[in-house]
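Descriptive structure summary
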Number of protein chains: 2
Amino acid sequence: MGKISIVGIGPGNISDMTPKARRAIETAEVIAGYNTYIKLISELIGGKKIIRTAMLQEVERCQMTIDEARAGKSVALISSGDAGIYGMAGLVIDMILDLPESERPQFEVIAGISAVNAAASILGAPLMHDFAVISLSDLLTDWELIKRRVECAAAGDFVIALYNPKSKKRVTNILEVQEILLRYRKKNTPVGIVTNAGRLEETKIISTLENFTAEEINMFSLVLIGNSQTYVKAGFMITPRGYSRG
Amino acid sequence: MGKISIVGIGPGNISDMTPKARRAIETAEVIAGYNTYIKLISELIGGKKIIRTAMLQEVERCQMTIDEARAGKSVALISSGDAGIYGMAGLVIDMILDLPESERPQFEVIAGISAVNAAASILGAPLMHDFAVISLSDLLTDWELIKRRVECAAAGDFVIALYNPKSKKRVTNILEVQEILLRYRKKNTPVGIVTNAGRLEETKIISTLENFTAEEINMFSLVLIGNSQTYVKAGFMITPRGYSRG
């Protein structure tokens, strides 16, 4: 029986990938993942067998991963960021555990730098206090539930990190979220937008809740909304923790 | 003028530290941080100058870091986990930016694997859906605000990650949180407790909202409370994302 490593490769830059993740990829016989992520780590893959699948073929990809492991191979199933945050870990583990115990491949989850960690490091220090992480993708989640979560996070004065803020087919969700948040927070609440964090094309915008626009955001963006205490200083976004400066 | 790298060293195991973090530590002339964290990376420090300070001396530590950098040294200021999540990034950046522009050392924040990422990878896949991160330390935050955030996170059906769930002086906060959550969630909601994630002494407990006890938790624990959909399967905690298994 082979083994499955569910690997978070980080934002996409080898210098942000943990040694544990790198070793799992280098020692695997088979690599499985989205085409986009496979490309990001191509220098580590060499001549290995690759299971490439497109977006929305998650179940097929996990099944192929499990089949390879059951045939004796060691497989690295990769997600960008952290495989444990909106990644592939849940689905593949569930599918592995559906098998009778004697037929289950071994597995491990290897944590990675997720988009929220990467974006925060680029913006300054927006996550010094409690925060909520919400995906705006309504592909697998009811949009009403997502909006309710935005309301609850706003009511709790959480810093809010928005994953999947926009896609080609989904452009207005972020504007509805902006409207909801403006009912709870000041117009000048800092908003940070990091696109392609940790990659060559990385960009950073610091704006406000009132002024940021959907045009500044794409499917590779992470949006961070400050809490009531977050401020901008010399181009950096900081959420204070309350240390006494005496 | 020297330079300050604000480095998240990850949970404490070199194999979970990014190459970027490692390089910043290895190339720094001075290392600053809590004694406990300095010890975790002692093999990387060699004969470097060390600014060791105890807990609650954050302002002093940042000032000493800035003084060294202004004297021309490159300094790595380390936090465990991610320096950008409840770490040292906010305070030191604020203090740097208080200086006149010509007197500011350069700085960068290097993201790391935070406790929530590490704990999730050990428990299975609890963070496949929206989650809230809350610290139960009321040292610098009003306890009423913390409880309000717990209520809001519960109302929004977020998976909830609790940092600093308990300390020697603060043992009842986690029990109050348990009481609040029991008003919103089923008694058998899965609860995962990971202590010393990524270190030799790592332990993992999977319990329920009704049954977990404060005795199972200490200051090195991260507590993860499932949402209404989270389930336990063969000892792993999984929050489903809703993929169609056809």
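A short tour of the structure in this document, coming up. (Residues numbered from 1 in each chain as written. Chains lettered and ligands numbered in written order. Predicted model: local features only at pLDDT ≥ 70, side-chain atom pairs only at ≥ 80, totals over all residues. Heavy atoms only, no water.)

Some words on the environment of Lys168(A)
- Inspection of the secondary structure assignment puts Lys168(A) in the loop between strand 8 (159-163) and helix 8 (173-182).
- Among the residues examined, Lys168(A) registers a relative accessible area of 80% and is labelled exposed. (Helix = DSSP H or I, 4+ residues; strand = E, 2+ residues; numbered from the N terminus. Buried < 20%, exposed > 50% of the residue type's maximum accessible area, 1.4 Å probe, protein only.)

Details of the interface of chain A and chain B
- Taken together, the 67 residues of chain A in the interface contact 67 residues of chain B.
- Interface area, chain A with chain B, both sides summed: about 6,100 Å², of which 58% is carbon and sulfur.
- Linking chain A with chain B are ten salt bridges, by the criterion used here.
- The partner of Asp94(B) in a salt bridge is Lys233(A), and the shortest N-O contact between them spans 3.1 Å.
- Here the side of chain A that touches chain B is built from residues that sort into 34 nonpolar, 18 polar and 15 charged.
- Across three bridges, strand 7 (residues 131-135) of chain A lies against strand 7 (residues 131-135) of chain B in antiparallel orientation. (Contact = heavy atoms within 4.5 Å. Buried area = accessible area lost by both parts, 1.4 Å probe. Salt bridge = Lys/Arg side-chain N within 4 Å of Asp/Glu carboxyl O. Nonpolar A, V, L, I, M, F, W, Y, C, P; charged D, E, K, R; others polar. Pairing = 2+ DSSP bridges.)

So, helix 4 (residues 58-70) of chain A
Residues and elements named next belong to chain A.
- The end-to-end C-alpha separation of helix 4 is 18 Å, in line with the 18 Å expected for 13 residues at 1.5 Å each.
- Restricting attention to buried positions, one finds in helix 4 the residues Glu58, Val59, Arg61, Cys62, Thr65, Ile66, Glu68 and Ala69.
- Of the surrounding elements, those touching the buried residues of helix 4 are strand 1 (3-8), strand 2 (30-34), strand 3 (49-53), strand 4 (74-79) and helix 5 (89-97).
- Positive phi appears at glycine 72, one or two residues downstream of helix 4, with a value of about 100°. (Expected span 1.5 Å × (residues − 1).)

What about the packing of helix 7 (residues 143-155) of chain A against helix 7 (residues 143-155) of chain B?
- Helix 7 of chain B packs onto helix 7 of chain A with a crossing angle of 175° between their chain directions and a minimal axis gap of 8 Å. Compared by their axis directions, helix 7 of chain A and helix 7 of chain B come out roughly antiparallel. Taken together, the residues of helix 7 of chain B that come into contact with helix 7 of chain A (itself represented by Arg148(A), Cys152(A) and Ala155(A)) are Arg148(B), Cys152(B) and Ala155(B).
- For the contact of helix 7 of chain A with helix 7 of chain B, a count of residues per class yields four nonpolar, no polar and two charged. (Axes fitted to C-alpha atoms, helices over the stretch in contact; angles between N-to-C directions. Parallel < 35°, antiparallel > 145°, perpendicular 65-115°, else oblique.)

Focus: the packing of aromatic side chains
- One pass over the structure, following the stated rule, counts six aromatic pairs over all chains.
- With a centroid separation of 5.0 Å and 55° between ring planes, the pair formed by Tyr34(A) and Tyr37(A) is classed as tilted.
- What makes Tyr34(A) buried here is its relative accessible area of 13%.
- Positioned above the aromatic ring of Phe158(B), the side-chain terminus of Arg149(A) is 5.8 Å from the ring centre. (Phe/Tyr/Trp six-rings, centres within 6.5 Å; stacked < 30°, edge-to-face > 60°. Lys NZ or Arg CZ within 6 Å of the ring centre and 35° of its normal.)

With respect to the sheet that holds strand 3 of chain A
All names here are of chain A.
- Read from one edge of the open sheet, five strands run 3-2-4-1-5, paired in parallel fashion. Among the strands making up the open sheet, the edge pair consists of strand 3 and strand 5 (106-110). Taken over all neighbouring pairs, the strand axes of this sheet differ in orientation by 15° on average, direction set aside.
- Where strand 2 lies against strand 4, three bridges are found, and the strand directions are parallel. Counterpart to valine 30 in the pairing with strand 4 is valine 75.

A look at the nonpolar core
- Among the nonpolar cores identified, the biggest contains 48 residues, and Ile134(A), Leu162(A), Ile134(B) and Leu162(B) are the most heavily contacted of them.
- Dropping the residues within four chain positions of it, Ile134(A) is found in contact with Tyr86(A), Ile146(A), Arg149(A), Val150(A), Ala153(A), Ile160(A), Ala161(A), Leu162(A), Tyr163(A), Asp130(B) and Phe158(B).
- Val116(A), Ala120(A), Leu222(A) and Met237(B) belong to the second largest nonpolar core, which has 42 residues in total. (Core = buried A, V, L, I, M, F, W, Y, C linked by side-chain atoms within 4.5 Å.)

A look at the state of the cysteines
- Applying the stated rule across the entire model yields zero disulfides over all chains.
- The thiol of Cys152(B) is not disulfide-bonded; the next cysteine sulfur, from Cys152(A), is found 6.3 Å away.
- With relative accessibility at 11%, the residue Cys152(B) sits in the buried group. (Disulfide = S-S within 2.5 Å.)

Topic: the relation of the copies chain A and chain B
- For these two chains of identical sequence, chain A goes onto chain B by a turn of 180° and a shift of 0.0 Å along the axis, with RMSD 0.0 Å. On the angle and the small slide along the axis, the relation comes out as a two-fold axis.
- Of the interface residues in chain A, 100% have counterparts in chain B that sit at the interface too, so the contact is made through matching surfaces. (Least-squares fit on C-alpha atoms with pLDDT ≥ 70 in both.)

A closer look at the packing of helix 4 of chain A against helix 5 of chain A
Residue and element names in this part refer to chain A.
- It is at 10 Å that the axes of helix 4 and helix 5 come closest, and there the two elements cross at 50°. For the element pair helix 4 / helix 5, the angle class is oblique. The interaxial crossing formed by helix 4 with helix 5 has right-handed handedness. For the pair formed by helix 4 and helix 5, the contact residues are Glu58, Val59, Cys62, Gln63 and Ile66 on the first element and Leu91, Val92, Met95 and Ile96 on the second.
- When its residues are assigned to classes, the contact of helix 4 with helix 5 shows seven nonpolar, one polar and one charged. (Left-handed = near helix turned anticlockwise from the far one by under 90°.)

Topic: the sheet that holds strand 6 (residues 124-125) of chain A
Residues and elements named next belong to chain A.
- If you walk across this open sheet you meet the three strands as 6-13-12, and the pairing is mixed. Among the strands making up the open sheet, the edge pair consists of strand 6 and strand 12 (231-233).
- Here two bridges tie strand 6 to strand 13 (residues 236-238), and the two strands are oriented parallel to one another. In the sheet register, glycine 124 faces strand 13, and the bridge partner there is methionine 237.

Comments concerning unusual backbone geometry
- One non-glycine residue, Ala234(A), lies in the positive phi region at around 50°.
- You can see Ala234(A) is positioned in the loop between strand 12 and strand 13.
- Look at Asn164(B): it is not a glycine, yet its phi comes out positive at around 45°.
- Looking at the secondary structure, you find Asn164(B) in the loop between strand 8 (159-163) and helix 8 (173-184).
- Using a relative accessible area of 30% as the deciding quantity, one classes Asn164(B) as partly exposed.

These figures come from the coordinates and say nothing about function on their own.
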